[in-house]
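If you want the building blocks of each chain, they are given just below.
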Amino acid sequence: MTIAITNLDAPLGAEVSGVDLAGPLPQSEVDAIEDAWRTRLVVVVHGQTLSDPQLLAFSKCFGELDPPGPNPYGEPFNKTYPEINVISNVVENSKPIGGLGDGEAVWHADMTYADVPPKAAILYSLEVPPGGGNTYFADMFAAYATLPDALKKAAEGKVAVHDASRNSAGMLRKGYKDVTDVREAVGARHPLVRTDPNTGRKALFLGRRPSSYVVGLSVADSEALLDALWAHATQKRFAMCHEWRLGDVLMWNNLSVLHRRDPFDPGTRRVMHRTQIKGNQRIA
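Residues numbered from 1 in each chain as written. Predicted model: local features only at pLDDT ≥ 70, side-chain atom pairs only at ≥ 80, totals over all residues. Heavy atoms only, no water.

The next thing to look at is empty space enclosed by the protein. Evaluated as defined, the whole model comprises 2 cavities of 30 Å³ or more. Of the voids in this model, the largest cavity is the one considered here, and its volume is about 440 Å³. The set of elements that each furnish at least two residues to the lining of the largest cavity consists of β4 (85-88), β7 (99-100), β8 (105-108), β18 (257-261) and β19 (271-277). Of the residues assigned to the lining of the largest cavity, the class counts are 11 nonpolar, 10 polar and 7 charged. Considered as a void within the structure, the second largest cavity measures approximately 40 Å³ in volume. Contributing to the lining of the second largest cavity are A109, M140, L204, F205, L206, G207, N254, L255, S256, V257 and L258. Grouping the constituent residues of the lining of the second largest cavity by class yields 8 nonpolar, 3 polar and no charged. (1 Å grid on protein atoms, 1.4 Å probe; cavity = no way out; pocket = protein on both sides within 12 Å on 5 of 7 lines; lining within 4 Å. Points joined across faces, edges and corners; volume = space filled by probe spheres on them. Helix = DSSP H or I, 4+ residues; strand = E, 2+ residues; numbered from the N terminus. Nonpolar A, V, L, I, M, F, W, Y, C, P; charged D, E, K, R; others polar.)

Rendered as structure tokens:
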């Protein structure tokens, strides 16, 4: 097989073909996938069959792995390979085998409540429902580049608190309290505008909307600025939709996109295994 990269018919995203991720990859193929990930921000490879060790081996081609964020149940879903998170609505023996259930997961980037968020995430589909559960991505470079001048000026130099208390499905994490005053949210502080260290390009860096707060502003002014930025950043013109197939491997640039998920029929099964690549610098 010869590896091929084809841009999707969308503002971002690329399909990689001619590669079997289960076996050791030559460095040339790793480099090609990473280049597509950097330039197109989201990469999809169809038709893969991976064991957990093979998923881990592929993931480690791109850097050291980050452990999953804390889930509402306080223990790893995959106890044999705790670096793998399980995203699922399946319940076995009265206990969920994974997180995020079957509801909508709102627009977000992963673990931005950490001082150094993961730079990439990889999601592999083991079971998919017949419909629903689509995943969307929005390009934050394009979102920043098209900001109205007044909004660019309002965002420049501002820092936001990224709340750690809830996951993207809205569930309260174990050990956290509900946020009743956004000024008291617990989590990392990051600039609203990030500069990519490799290219110098600027991107919006929003994390997730619930309980976010712009430091130094009144709550009303913070809410107004964040509402305007989020309304702009999540427009369809910046986004792509991925309709899952069995055996898909999806890799995205966590620092440069937002993503969200559609709900799906709770009577169907959806099982995904997920890894993430450790970031190597604070957001600036």
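So, about helix α1 (residues 27-40). The end-to-end C-alpha distance of α1, which contains 14 residues, comes to 20 Å, matching closely the 20 Å that a straight helix rising 1.5 Å per residue would cover. Considered for burial, the residues of α1 that qualify are E29, V30, I33, E34, A36, W37 and R40. What you see down the axis of α1 is that its buried residues fit within an arc of 155°, all on one side. Facing away from the buried side of α1 by over 90 degrees, the exposed positions are Q27, S28 and T39. As for α1, its buried residues are in contact with β1 (4-7), β2 (14-17), β3 (42-45), α2 (52-59), β9 (120-127) and β17 (249-253). Remark: L41 follows α1 within two positions and exhibits a positive phi of approximately 75°. (Expected span 1.5 Å × (residues − 1). Buried < 20%, exposed > 50% of the residue type's maximum accessible area, 1.4 Å probe, protein only. Arc of directions from axis to C-beta. Contact = heavy atoms within 4.5 Å.)

A separate point is the sheet that holds strand β11 (residues 159-161). The 3 strands lie next to each other as β12-β11-β15, forming an open sheet whose pairing is antiparallel. The sheet terminates laterally at β12 (189-191) and β15 (213-214), the two strands that pair on one side only. Bridging between β11 and β12 involves 3 bridges; their strand directions are antiparallel. Paired with V161 across the bridge in β12 is R189. (Pairing = 2+ DSSP bridges.)

Relative to the helices and strands, D66 resides in the loop between α2 and β4. Here D66 falls in the buried class, since its relative accessible area comes to 8%. Only 2.8 Å separates the side chain of D66 from the side chain of K278, close enough to count as a polar contact. (Polar contact = N/O pair within 3.5 Å; in protein donor to acceptor, adjacent residues only side chain to side chain.)

Our focus in this paragraph is the pattern of salt bridges. According to the stated counting rule, one finds 15 salt bridges in the structure shown. With its nearest N and O atoms 2.6 Å apart, the salt bridge here joins E75 to K95. With E75 in the loop between α2 and β4 and K95 in strand β6 (residues 95-96), the pair connects residues that are 20 residues apart, well separated along the chain. Taking relative accessible area as the criterion, E75 reaches 28% and is therefore assigned partly exposed. Its relative accessible area of 44% is what places K95 among the partly exposed residues. Residues E127 and R269 are paired through a salt bridge, measuring 2.7 Å at the closest nitrogen-oxygen approach. With E127 in strand β9 and R269 in the loop between β18 and β19, this pair connects stretches of sequence that are 142 residues apart. Of the residues examined, E127 reaches a relative accessible area of 26% and is grouped as partly exposed. Through salt bridges with shared partners, a single network forms among E75, K79 and K95. (Salt bridge = Lys/Arg side-chain N within 4 Å of Asp/Glu carboxyl O.)

The subject of this paragraph is the packing of aromatic side chains. Under the defined criterion, the tally for this structure stands at 2 aromatic pairs. Ring plane angle 55° and centroid distance 5.3 Å describe the contact between F137 and W252, whose orientation is recorded as tilted. Placement of the pair is F137 in strand β10 (residues 135-139) and W252 in strand β17, with a sequence separation of 115 residues. For the pair shown, F137 and W252 are each scored as buried. Of note, R201 hangs over the ring of F141, and the distance from its end group to the ring centre comes to 4.2 Å. (Phe/Tyr/Trp six-rings, centres within 6.5 Å; stacked < 30°, edge-to-face > 60°. Lys NZ or Arg CZ within 6 Å of the ring centre and 35° of its normal.)

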